[in-house]
Amino acid sequence: MGILDSVERGLERAVNGAFARTFRSGVQPVEIASAIKRELDIGAVVVDRDRVLAPNRFVVRVSEKDAARLQGLGSTLEQELRGVINKHAKRQNYQLLGEADVEVRADHSLTQGVLAVDATRVEGSVDWIAAIDVDGVRHELKRGTTTVGRGTDCGIQIGDSAASRQHLQLIWDGSAGLARDLGSTNGSKINGERFREAALAPGIVITIGQTALQFQLVPGRASGSTVAPRPAGAAGGQAHAPRPSSSNNTPAPEPRSTRPDSGAAGQAPGIDQDFWSGL
C-alpha cells in the first residue's frame, strides 16, 4: 500500500466515523458488499500478465449492535457475500488461492454504522461444518447420531409441547446426513408434509410443532466473536460507514461434497435477488 492509499484510508475512516456518530445508522448488507469488492480491488496483486491474485478471506468487523442484527440473518448473509466475492473476482479476472470466505464479527471499539474489513489470501479449501439452527441458537452436529426432543438426554433439547421426549434423529457421517422421525406422536414436517426419513441439504427446514430446525453447512472457524482492532495504517483493514422430498422410507443419502450450494434450484434466496443483482 502506498503513502497516498494510507492517507486516503485515514481520511475516510475519520469522515465515516464522524458520519456514523452523527446519524447513528446501522451497517447495511449493501455497504458490506461494496467494502468487500473494494478490498478485492485494493488487494489484487499482478503475478504475471495472465494472473492476478486477490484476497479470498474477509473478516468484517462491526459494532456489537450491528453484529447482533447482522448475525440474526444466520448464515444467509455470509453465503450471499461469498457469492459477491466470486462474482466480482470472475468479472475482474481475479484468481483466488482458495475458496471465498466471509465472517462477520463484533468489535467493541467500533461505533454503530462503521465497519472495517480485513482481507487476506488463504490457500486451500474451507472446512465446512454441519449445524442445526434452532431459535437463533446454532448446534454443531458431530459425526454420528444426534437426538432432538424434549428429553434432557437429547443432544438438542427443545421445549415445544408438540415434541416427544425423543422426537427426531439427525444422522451425519461427515459428508451426508439424514433426518429420521422416531415415531413421534405429532410427527416431523418438511414444507408442511410429514416424513419418516429425509436427506439433509443446506437450507432445509424441519418443523416440530411450532419449532423450526434449519440445517446449514457453515465454515469451520476458531471460537470467539470479537477481534482486536488493527493498528492505524495496517494493510488490509479499512473502515466504512454508510429441499429434498419428504416421502416415507427415503433411502440414506449418497456421499457428496460438503461445500454448500448457495444457488440450489428451488431454494428462495435469503436476501432479495434484485437487491444483490445490482452489486
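Because the structure is predicted, anything quoted here is derived from the model rather than measured.

Draft legend 1. Summary view of the sheet that holds strand 15 (residues 197-199). In space, the five strands of this open sheet follow the order 10-9-11-12-15, with mixed pairing throughout. Pairing within the sheet leaves two strands with one partner each, and these edge strands are strand 10 (156-157) and strand 15. As defined by bridge partners, strand 12 (residues 177-181) adjoins strand 15 across three bridges and the pair is classed as antiparallel. Within strand 15, the position partnered with Arg-180 by the bridge is Glu-197.

Draft legend 2. Geometry of the sheet that holds strand 8 (residues 137-140). Here we have six strands laid out as an open sheet, ordered 8-7-17-16-13-14, and antiparallel in their pairing. Pairing within the sheet leaves two strands with one partner each, and these edge strands are strand 8 and strand 14 (193-195). Going from strand to strand, the sheet's axes swing by 35° on average, the running direction of each strand aside. Across three bridges, strand 13 (residues 188-190) lies against strand 14 in antiparallel orientation. Within strand 14, the residue paired with Ile-190 across the bridge is Glu-193.

Draft legend 3. Structural view of the environment of Lys-87. Tracing the sequence through the fold places Lys-87 in helix 4 (residues 76-92). On the basis of relative accessibility, which here comes to 41%, the residue Lys-87 falls in the partly exposed class.

Draft legend 4. Molecular detail of the pairing of strand 5 (residues 101-106). Burial of strand 5 is extensive: six of the six residues sit out of reach of the surface. As judged from the six bridges shared by strand 3 (residues 57-62) and strand 5, these two strands associate in the parallel manner. Bridging from a neighbouring strand, Val-62 pairs with Ala-106 of strand 5.

Draft legend 5. Layout of the packing of aromatic side chains. Evaluation of the coordinates by the stated rule reveals one aromatic pair. Summarising the aromatic geometry, the rings of Trp-172 and Phe-215 are spaced 5.8 Å apart at their centres and angled 50° between planes, so their arrangement reads as tilted. In this pair, Trp-172 is assigned in strand 11 (residues 168-172) and Phe-215 in strand 17 (residues 211-219), connecting sequence segments 43 residues apart. By the burial criterion, Trp-172 is buried, and Phe-215 matches it.

About the cut-offs
- Residues numbered from 1 in each chain as written.
- Predicted model: local features only at pLDDT ≥ 70, side-chain atom pairs only at ≥ 80, totals over all residues.
- Heavy atoms only, no water.
- Pairing = 2+ DSSP bridges.
- Helix = DSSP H or I, 4+ residues; strand = E, 2+ residues; numbered from the N terminus.
- Axes fitted to C-alpha atoms, helices over the stretch in contact; angles between N-to-C directions.
- Buried < 20%, exposed > 50% of the residue type's maximum accessible area, 1.4 Å probe, protein only.
- Phe/Tyr/Trp six-rings, centres within 6.5 Å; stacked < 30°, edge-to-face > 60°.

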